[in-house]
There are 4 protein chains.
Amino acid sequence: MVLTLPVSTPIATQTGELVRHYDRVRADSEFLCEPLEVEDFLIQPMDDASPTKWHLAHTTWFFETFLLERYAPDFRPFHPRFKYLFNSYYNSVGEMHKRPLRGLLSRPTVAEVMAYRHHVDDAMRRLLRSGDEVDGEMAELITTGLHHEKQHQELILTDIKSVFGANPLRPAYRTDLAERPQRYVEEMRWIGHSGGLVNLGRDRDPDTFAFDNETPRHRVHLEPFEMSHRLVTCGEFIQFIEDGGYDKATLWLSDGWSARNNHGWTAPLYWEQNDGEWHHLTLGGLERVRPEEPVCHVSFYEADAFARWAGARLPLESEWEVMATALTESPKSADKEIRFAANLRDRDRLHPSMPEDLEAHVQQLFGDVWEWTSSPYTPYPGYRPLEGPLGEYNGKFMCNQMILRGGSCVTPRDHLRVTYRNFWSPETRFQFSGFRLARHTESRKDG
Amino acid sequence: MVLTLPVSTPIATQTGELVRHYDRVRADSEFLCEPLEVEDFLIQPMDDASPTKWHLAHTTWFFETFLLERYAPDFRPFHPRFKYLFNSYYNSVGEMHKRPLRGLLSRPTVAEVMAYRHHVDDAMRRLLRSGDEVDGEMAELITTGLHHEKQHQELILTDIKSVFGANPLRPAYRTDLAERPQRYVEEMRWIGHSGGLVNLGRDRDPDTFAFDNETPRHRVHLEPFEMSHRLVTCGEFIQFIEDGGYDKATLWLSDGWSARNNHGWTAPLYWEQNDGEWHHLTLGGLERVRPEEPVCHVSFYEADAFARWAGARLPLESEWEVMATALTESPKSADKEIRFAANLRDRDRLHPSMPEDLEAHVQQLFGDVWEWTSSPYTPYPGYRPLEGPLGEYNGKFMCNQMILRGGSCVTPRDHLRVTYRNFWSPETRFQFSGFRLARHTESRKDG
Amino acid sequence: MVLTLPVSTPIATQTGELVRHYDRVRADSEFLCEPLEVEDFLIQPMDDASPTKWHLAHTTWFFETFLLERYAPDFRPFHPRFKYLFNSYYNSVGEMHKRPLRGLLSRPTVAEVMAYRHHVDDAMRRLLRSGDEVDGEMAELITTGLHHEKQHQELILTDIKSVFGANPLRPAYRTDLAERPQRYVEEMRWIGHSGGLVNLGRDRDPDTFAFDNETPRHRVHLEPFEMSHRLVTCGEFIQFIEDGGYDKATLWLSDGWSARNNHGWTAPLYWEQNDGEWHHLTLGGLERVRPEEPVCHVSFYEADAFARWAGARLPLESEWEVMATALTESPKSADKEIRFAANLRDRDRLHPSMPEDLEAHVQQLFGDVWEWTSSPYTPYPGYRPLEGPLGEYNGKFMCNQMILRGGSCVTPRDHLRVTYRNFWSPETRFQFSGFRLARHTESRKDG
Amino acid sequence: MVLTLPVSTPIATQTGELVRHYDRVRADSEFLCEPLEVEDFLIQPMDDASPTKWHLAHTTWFFETFLLERYAPDFRPFHPRFKYLFNSYYNSVGEMHKRPLRGLLSRPTVAEVMAYRHHVDDAMRRLLRSGDEVDGEMAELITTGLHHEKQHQELILTDIKSVFGANPLRPAYRTDLAERPQRYVEEMRWIGHSGGLVNLGRDRDPDTFAFDNETPRHRVHLEPFEMSHRLVTCGEFIQFIEDGGYDKATLWLSDGWSARNNHGWTAPLYWEQNDGEWHHLTLGGLERVRPEEPVCHVSFYEADAFARWAGARLPLESEWEVMATALTESPKSADKEIRFAANLRDRDRLHPSMPEDLEAHVQQLFGDVWEWTSSPYTPYPGYRPLEGPLGEYNGKFMCNQMILRGGSCVTPRDHLRVTYRNFWSPETRFQFSGFRLARHTESRKDG
């Protein structure tokens, strides 16, 4: 199966196309919830994770607040308090329910949240269908709202996994997931790059969608480096564990060592040892760990400690992007789309798996796991947040977070781009986060 | 309407009677849940409150663990992990799920918990019907399990109130509650007692049920005292608020003042001021506070501060019991049952109301609100906890708790007795807790 | 050596006597500090313990605030901010420095605090010497201030022990303490009492000093009981440890078990095992534990768990007082003073030791260790706190604390009385706290 | 007065020179303590600050552990437990006393710590004087130890300020500090830079000292930018306060807004409003804020919020370094030293002051305040930490910290270099931290 990844995401202004996109994304969110019991929609096992019900309502709030309130003058809000309950972090929009309290709300019920969704969907469709084309700003806002919802689709999956992970009964989200391939995995190889001045990021463009934090396009100077040809596997990570990696302070960043001590980490999240064998909870239930598959659910600190143990380091986000760009510009991608066998959500495995893009120079750059980089999340030179409330979307988080690249097995295919910057606090483990290695090429010549 | 309160609670050994009792109590728990949405069963808004689902399962676990495991040799547990999930605090029975995590379990679902109940109910009925009569020890255990469940029925109501209280939408549990009377309430009067040696508590008796902490019967010497003829009202409590009672450190116990500061208390729990009027959340929804009704949802500290402000104190539990015993031994109660118009759960108001036992010397001793006393929860002289795991039921909590007496508007009528000792930490506000006043009679002569 | 304990503490009104008392107590506080380095005066190893410097200043603040401000109209405070810095918990006197911050003050220096003491001492002496006699109220206030300072002398010793206990260097307070006797200690015997109505506490009396919480005298009915003839020893406590007492949840009160888990208790405070032998820090330095000496530095919870393990319970404070009163009224005490060999501070051992009052029926009632009772700290019937700010001295702590009786090896002899009620939170271990056992006499006949 | 700043710091290997350097630095530390009372040496007002006594001992421990233990085979440690007590964070050296407990140690006394210093000093001098020259590795270790001590000299001053800041008596460290100039301060001007490829950092060099985190020299591509010609002043910061800057969430990073809320920040640290006038605590005591002086004791978050409010941003560390390098390479600095009037510790003001380097293009780059940059603390490309335990010196902190540049009024002049990278968590306020502004030059042309 060969699939494609968009190099850029067009912003449709044709009503028909927009409505189709809207309907598809909104339906996808509800489709993801089909395997759930009503009870599963409510749980917030930790401050970082939100209940499914909240995700469904918050993504709806987004359209209500940023589209309907602005463009649909006769729009009546579904409930006066939802503005407060389902605002996430937009201070410029008003007061909000405190994040750690999201799991304490039995009402609105799931059915009421669904009614809320459909109320807003009806109003959105009416708004869109009022002409053949919508203006560019509105089209961009809608497209933003849809990509916002795709992000929350990923979170629905990561968060429901944390719900099941907190449950001693170890429930499965689905028992009919697609099989994951099993085959021999090659030894790790190093792929070199000569460094030099490279172009990264992209400029704002009214015709294609990207988040503000991917802009503007700019130049970066790289020293020569090498990157591992594939992701680090569970088997390699078990070697780190068995070599006492979790007990050697000198392998860890200072904050990482504190986190390991505070949380008592001895293995990746969701791992447990039963009868001497490593198992882990997947969205398909409890499984034995397969050594050939990429390690997942590790924090930046664990990835960084592993890299130090292995005599390497994590790649910079610029190193990752330059490698990924090269891939997309290879002859095989000449038609402006990247064809490859990435394990994204549409493969319906919902778990990282072995490389399938075997002809690629550097494999598994897309899909499987979000790859921790060694780059803190900072603005690109000349970065400007969006005007208005959406300026709070990305910019205000540019501190104390690390960049992750490449998408994961729960990322929607049409949500990802080469320039996409994901970011999480270095302690985070509940995302599908793994890593590959990089290292400095010693033979470099300074200019 | 004249109702009665049992002076003692017989332990039936006849199969038929036991099964009827069992069926009635078990059905009552489920009946209380009828107004709830599935979502309402899951929420744990604070460590002290448990989800409805947990109450339904834990009371079932009680019969499984203490009856079926012991007496039904072919009994198969419904699920191997429920022993762990639904143990509350019985260390002698094994490990248990941590209390603050009770609200993080989406599974078992409500339907599965109901199936668990019915599985155990079937087994219990089979066990009971194996003969015409059961032996005394088993009858006592079953009766204990049923009273245990009646306690949890009260908790289902107090805890669901805290679920709705934590929700900015202010949902109502029911909108069809019985009307509460409205009439003139008399000024507070002082009812005197000459003190002296009095008998309190009761001895263990194989034929009637009581908790171990009510035993043994023993003598206490009381100084002469007076007690207010009714409960303190909301109107009186508003005077305390308006006089700055919450801001005068010298009215408060030291720990009370800390609690007030830590929690920012400025009024009873569930009270809010809207447009200059005090409102509070009831199980029937948000209402204006009625000044003639007993104040409720105050901590021991607030009750104690009010009493000091009023130049009085809270009664001792012995003072309360001697007054209540006198009431039950008055001619009107000659037939060994106490007839009175107490506002208990069966009145279906589920909120404290004005006195109706107007012919009583001391009014509102039973029902409406649990009355904070000034007595710490300590063992009676010669107290012995039950043998075996049920020894953990009451005895181990005899520290840092205060005694409350008299039952409340959410207490089942056949659960209460004159000697009944309820106990909560002095900071507790989510129970239906109020108070009356007492004071020392100055003219006493020492012996 | 036979010493005496005052049955009551006279309030002198003669100037000369008052000044002598004043000078002696004030000098004693400074004498206790002689072995200290300047650095030792500052440390606050936990919120409950205060720096020595603070004790020296706070006791001085007491005279400044309650005597000089009221009676010496031309008195000038030593420093305007000391009123704020050295107020402990008297809300009615004004704002105060927060308790946990007492150890963060390098200034005033120790020398400045000493100058503050002498400034106030001079003013106090001038005030006292203005006539031959002072009026009764002032005499009572001064006497209260001196007993207040005696309490803080005890705290200086318990708190400096906690300073040294927090230091890995294990410093000694003094190396020249009096030898403690070593001899055979008898097996524990049970001493019975027939119970009945007894008189406890004392009435207010303008001529003798007592704290308000010891009043008024009142009657209590006791069931027959027995009490161990001596304190529980370290050797007996080691048996409890070796029998797994710290690991058996069913021996512990629920709050006690939480405390044990939160703090990781496995032995009394200051105990450590070196080379398989129990050692503990004393004010004389690190020592091997002597099995014959009373166990000390245990919380109420540990004492209670030991008692349950031993098939007994802790005595009520009324049981303790009735036994102690009997001792003081025995022929040997006919001259209105109690002669006995109690190990109080004046014995200069500063550590509990074996019984020396061997002719006493019940031994070690006074001195060695404060004895935990099973009585929560509550007001006696008819209790009234003092008028004015000193009303905050005792009354506001009457919640969540347990009574201890009998004084310890660091209590000044002229500070103790039979009716003296000490009180601490049940978790407290840094005081010189131990215990004896009691039990219910089974053969009692109810009335 | 014209002073100089070394472009590089030579590593002496000649015994005489090394001993002079050693003696001078060690004496400086003790000289800084002369104004202190014994009591001032002990206080730890927050986890981040250490007692002066600890700094004196820890810098001594450094020489004991890394020099004497390795090179002086007959060296006897002063006290066996000091290895444990005075290790800061070197896991590879062994266990250590927990950081938050540093303020709970009365012993060793200040005198004993001084004796410890002199014991080690004697041994160090013996070690150094055993020949005319020492080998390069040892010379580098000693030089590292001396720069380590210079860092702690700065901390002695920042930490003692926090001790006095925590004291309601507002003590002064010294009352004889040098006068700070007062004159007209120019309006802020923007100084441009055309960007492009620049060289930053430095390579390791056996003859000159630098920390490992300044290496290796590498190239960075910069976009064109502008930088403010001087630091932001108190007067400008007061405008931000008066414009509600502390209350506008949209000006703040998300973590910054949380920090502001958690700590209740409304002004820089040490600021207080008395009678409507801003005052702040300086090392010379409480003063009125002078609007012309640089604002100080602000966190990265406050600096960042101010910059956003002003329509600008904070500079990158690369932008700062390229400007500073240009300054040092200007004709005036031709003799390889930078001559300028920087307000460093040797000016004896110990407080930031108005610019004096008025002929400089960009003023106040050195001294006054450490300047927050927008650069997270990350390794330079090809960075390698030192081998052995000193590898823990810098590298393990490269996460969740921001870079500060330029030294402050409490930095020793011979400790600073153009390439020097200081780093602190973005919440930090107790350092002498201020900032200047930068902005993107819009007219840039992309390549």
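Everything below is about the structure printed above this text.
How each quantity is defined
- Residues numbered from 1 in each chain as written.
- Chains lettered and ligands numbered in written order.
- Predicted model: local features only at pLDDT ≥ 70, side-chain atom pairs only at ≥ 80, totals over all residues.
- Heavy atoms only, no water.
- Helix = DSSP H or I, 4+ residues; strand = E, 2+ residues; numbered from the N terminus.
- Rg over C-alpha atoms; globule rule 2.2 N^0.38 Å.
- Buried < 20%, exposed > 50% of the residue type's maximum accessible area, 1.4 Å probe, protein only.
- Contact = heavy atoms within 4.5 Å.
- Areas by Shrake-Rupley, 256 points an atom, 1.4 Å probe, with all protein chains shown as cover.
- Lys, Arg positive; Asp, Glu negative; His and termini not counted.
- Charge placed at Lys NZ, Arg CZ, Asp CG, Glu CD.
- Pairing = 2+ DSSP bridges.
- Axes fitted to C-alpha atoms, helices over the stretch in contact; angles between N-to-C directions.
- Least-squares fit on C-alpha atoms with pLDDT ≥ 70 in both.
- Polar contact = N/O pair within 3.5 Å; in protein donor to acceptor, adjacent residues only side chain to side chain.
- Buried area = accessible area lost by both parts, 1.4 Å probe.
- Salt bridge = Lys/Arg side-chain N within 4 Å of Asp/Glu carboxyl O.
- Nonpolar A, V, L, I, M, F, W, Y, C, P; charged D, E, K, R; others polar.
- Parallel < 35°, antiparallel > 145°, perpendicular 65-115°, else oblique.
- Disulfide = S-S within 2.5 Å.
- Phe/Tyr/Trp six-rings, centres within 6.5 Å; stacked < 30°, edge-to-face > 60°.
- Lys NZ or Arg CZ within 6 Å of the ring centre and 35° of its normal.

J.: Got a minute to help me understand the overall build of chain A in this structure?
T.: Scanning chain A from terminus to terminus reveals 9 helices and 16 strands. Over its C-alpha atoms chain A spans a radius of gyration of 22 Å, differing by no more than 12% from the 22 Å that the globule rule assigns to 447 residues. If you line up chain A on its principal axes, its C-alpha atoms span 65 × 55 × 40 Å. Out of the 447 residues belonging to chain A, those deemed buried represent 63%. Sequence separation of 24 or more characterises 80% of the internal contacts of chain A that already satisfy a separation of 6 or more. Accessible surface computed for chain A: about 16700 Å², of which carbon and sulfur atoms make up 49%. The averaged location of the 68 negative side-chain charges in chain A is 1 Å from the averaged location of its 51 positive side-chain charges.

J.: Looking at this structure, I do not really get the sheet that holds strand S8 (residues 271-274) of chain A. What am I missing?
T.: Neighbouring strands of a sheet are bound in pairs by backbone hydrogen bonds; such pairs are parallel or else antiparallel. Residues and elements named next belong to chain A. As summarised here, the arrangement of the 3 strands in space is S8-S9-S10, forming an open sheet in which the pairing is antiparallel. What marks the edges here is a single partner per strand, and that holds for S8 and strand S10 (285-288). Each adjacent strand pair in this sheet contributes to an overall mean axis angle of 35 degrees, direction not counted. One ladder, built from 4 bridges, connects S8 with strand S9 (residues 277-282); its direction is antiparallel. Bridging across to S9, Asn274 finds its partner in Glu277.

J.: Where do I start with the relation of the copies chain A and chain D in this structure?
T.: If you rotate chain A by 180 degrees and push it 0.0 Å along the axis, it lands on chain D with an RMSD of 0.0 Å. Taken together, these values place the two copies in the relation of a two-fold axis. Take the interface residues of chain A: 100% of them recur as interface residues in chain D, which is what a same-surface contact looks like.

J.: What exactly am I supposed to notice about the side chain of Asn213 of chain B here?
T.: Residue and element names in this part refer to chain B. Residue placement: Asn213 occurs in the loop between strand S5 (208-209) and strand S6 (218-222). You can call Asn213 buried: its relative accessible area is 1%. Of the polar contacts made by the side chain of Asn213, one reaches the side chain of Tyr377; its length is 2.9 Å. With residues near it in sequence (within four places) discarded, Asn213 still touches Tyr377, Tyr380, Tyr383, Asn394, Met398, Arg421 and Phe423.

J.: Can you walk me through the relation of the copies chain C and chain B in this structure?
T.: Both copies of the chain are placed relative to one another by a rotation about an axis and a shift along it. Of the transformation placing chain C onto chain B, the axial shift is 0.0 Å and the rotation is 180 degrees, giving an RMSD of 0.0 Å. When the interface residues of chain C are mapped onto chain B, 100% of them again fall at the interface, so both copies present the same face.

J.: Help me out: how do you make sense of the environment of Gly201 of chain D in this one?
T.: Residues and elements named next belong to chain D. Here Gly201 shows up in the loop between strand S4 (196-200) and strand S5 (208-209). Taking relative accessible area as the criterion, Gly201 reaches 3% and is therefore assigned buried. Residues Gly201 and Cys234, 33 residues apart in the sequence, show an inter-C-alpha distance of 32 Å. Excluding residues within four positions of it along the chain, Gly201 makes contact with Glu214, Pro216, Arg217, His218, Glu321, Tyr380 and Thr419.

J.: Before we go on, may I ask you to explain unusual backbone geometry in this structure?
T.: What is expected of a backbone is that most residues other than glycine have negative phi and most peptide bonds are trans. Residue Pro108 of chain A is reached from Arg107 of chain A by a cis peptide bond, and omega for that bond is -5 degrees. Its location among the elements puts Pro108 of chain A in the loop between helix H3 (82-85) and helix H4 (110-128). Look at the link from Thr215 of chain A to Pro216 of chain A: it is a cis peptide, with omega at -5 degrees. In this fold, Pro216 of chain A is placed in the loop between strand S5 (208-209) and strand S6 (218-222). Positive phi, close to 55 degrees, is recorded for Leu350 of chain B, a residue that is not glycine.

J.: Just checking my understanding: could you explain the interface of chain A and chain D for this structure?
T.: Interface size is often expressed as the accessible area that is lost when the parts come together. Taken together, the contact between chain A and chain D spans 40 residues of the former and 40 residues of the latter. In total, about 2800 Å² of surface goes out of reach between chain A and chain D, with carbon and sulfur atoms giving 55% of it. Contact with chain D buries area across many residues of chain A, yet Arg219, His221 and Asn400 of chain A alone supply 20% of it, more than any other trio. In this assembly, chain A and chain D are joined by 0 salt bridges. There are 10 residue pairs in polar contact (both at pLDDT 80 or more) connecting chain A and chain D. Mapped onto the side of chain A that touches chain D, the elements with two or more residues apiece are S6, helix H7 (254-263), helix H8 (300-309) and strand S12 (370-376) of chain A. For the side of chain A that touches chain D, the element with the highest residue contribution is S6 of chain A, accounting for 4 residues. Of the residues assigned to the side of chain A that touches chain D, the class counts are 15 nonpolar, 13 polar and 12 charged.

J.: Teacher, can you tell me more about the interface of chain C and chain B here?
T.: Of the residues lining the interface, 39 residues belong to chain C; the matching set on chain B comes to 39 residues. Summing both sides of the interface, chain C and chain B together bury roughly 2800 Å²; the carbon and sulfur share of this comes to 55%. Per-residue buried area on chain C facing chain B is highest for Arg219, His221 and Asn400 of chain C; these three make up 19% of the total on that side. Inspection of the chain C/chain B interface yields 0 salt bridges. The tally of links from chain C across to chain B stands at 10 residue pairs in polar contact (both at pLDDT 80 or more). For the side of chain C that touches chain B, the secondary structure elements donating two or more residues are strand S6 (218-222), helix H7 (254-263), helix H8 (300-309) and strand S12 (370-376) of chain C. Sorting elements by how many residues they give to the side of chain C that touches chain B places S6 of chain C first, with 4 residues. Residue composition of the side of chain C that touches chain B, by class: 15 nonpolar, 13 polar and 11 charged.

J.: Please clarify how the pattern of salt bridges should be interpreted in this entry.
T.: Any two side chains of opposite charge can pair, given that their charged atoms come close. A complete count under the given rule lists 140 salt bridges over all chains for this structure. Because the salt bridges share partners, they merge into one network encompassing Arg26, Glu30, Arg117, Asp121 and Glu149 of chain A.

J.: What is the right way to read the arrangement of the chains from this model?
T.: Nothing in chain A touches chain C; the tightest C-alpha to C-alpha distance between them is still 15 Å. For the non-touching pair chain B and chain D, the nearest C-alpha separation works out to 15 Å.

J.: Please clarify how the packing of helix H1 (residues 15-32) of chain D against helix H4 (residues 110-128) of chain D should be interpreted in this entry.
T.: How two helices sit against one another is set out by the angle between their axes and by the gap between those axes. Residues and elements named next belong to chain D. Packing of H1 against H4 leaves a shortest axis separation of 10 Å and a crossing angle of 175 degrees. As far as their axial angle goes, H4 and H1 are roughly antiparallel. Of the residues in H4, those touching H1 at Thr15, Leu18, Val19, Tyr22, Asp23, Arg26, Ser29 and Glu30 are Met114, Arg117, His118, Val120, Asp121, Met124, Arg125 and Leu128. For the contact of H1 with H4, the per-class residue count stands at 7 nonpolar, 3 polar and 6 charged.

J.: What exactly am I supposed to notice about the state of the cysteines here?
T.: Such a bond, covalent and formed between the sulfur atoms of two cysteines, is termed a disulfide. What the rule picks out here adds up to 0 disulfides over all chains. In this model Cys296 of chain C remains outside any disulfide bridge; the closest cysteine sulfur is found in Cys409 of chain C, 6.0 Å from its own.

J.: Looking at this structure, how should I read the packing of aromatic side chains?
T.: Any pair of aromatic rings gets described here by the distance separating the centres and the angle formed by the planes. Applying the stated criterion to the full structure yields 138 aromatic pairs over all chains. Seen in terms of ring centroids, Phe78 of chain B and Phe82 of chain B are 5.8 Å apart; in terms of plane orientation they differ by 40 degrees. Their pairing is tilted. When its relative accessible area of 2% is taken as the criterion, Phe82 of chain B is described as buried. When the ring centre of Tyr84 of chain A is taken as reference, the NZ or CZ atom of Arg81 of chain A above it lies at 4.6 Å. In this arrangement the basic side chain of Arg102 of chain C is found over the ring face of Trp54 of chain C, its NZ or CZ atom lying 3.6 Å from the centre.

J.: Before we go on, may I ask you to explain the sheet that holds strand S3 (residues 190-193) of chain D in this structure?
T.: Residues and elements named next belong to chain D. Pairing is antiparallel in the open sheet, where 3 strands are placed in the order S3-S7-S16. This sheet does not close on itself; its edge strands, each paired only once, are S3 and strand S16 (438-440). On average, each strand axis in the sheet is tilted by 25 degrees relative to the strand beside it, whichever way the strands run. Where strand S7 (residues 225-228) and S16 come together, 3 bridges link them in antiparallel fashion. Paired with Phe225 across the two strands is His440, which belongs to S16. Of the strands in this sheet, S3, S7 and S16 touch helix H9 (residues 317-328), which is tilted by about 75 degrees from S7.

J.: Could you clarify how one ought to interpret the environment of Met96 of chain B in this entry?
T.: All names here are of chain B. Here Met96 shows up in the loop between helix H3 (82-85) and helix H4 (110-128). You can call Met96 buried: its relative accessible area is 19%. In this structure, the C-alpha to C-alpha distance between Met96 and Phe86, residues 10 residues apart in sequence, is 7.3 Å. Setting aside residues no more than four positions away along its own chain, Met96 makes contact with Tyr84, Asn87, Ser88, Tyr89, Tyr90 and Asn91.

J.: Explanation requested: the pairing of strand S13 (residues 402-405) of chain B in the structure shown.
T.: Where a strand is regular, its side chains alternate between the two sheet faces. Residue and element names in this part refer to chain B. The alternating pattern of S13 places Met402 and Leu404 and Ile403 and Arg405 on opposite faces, both of which are buried. The pairing of strand S12 (residues 370-376) with S13 spans 3 bridges and is classified as antiparallel. Across the sheet, residue Glu371 finds its bridge partner in S13, namely Arg405. With 3 bridges connecting them, S13 and strand S14 (residues 422-424) associate as antiparallel partners. Residue Met402 lies in a different strand from S14, and its bridge partner there is Trp424.

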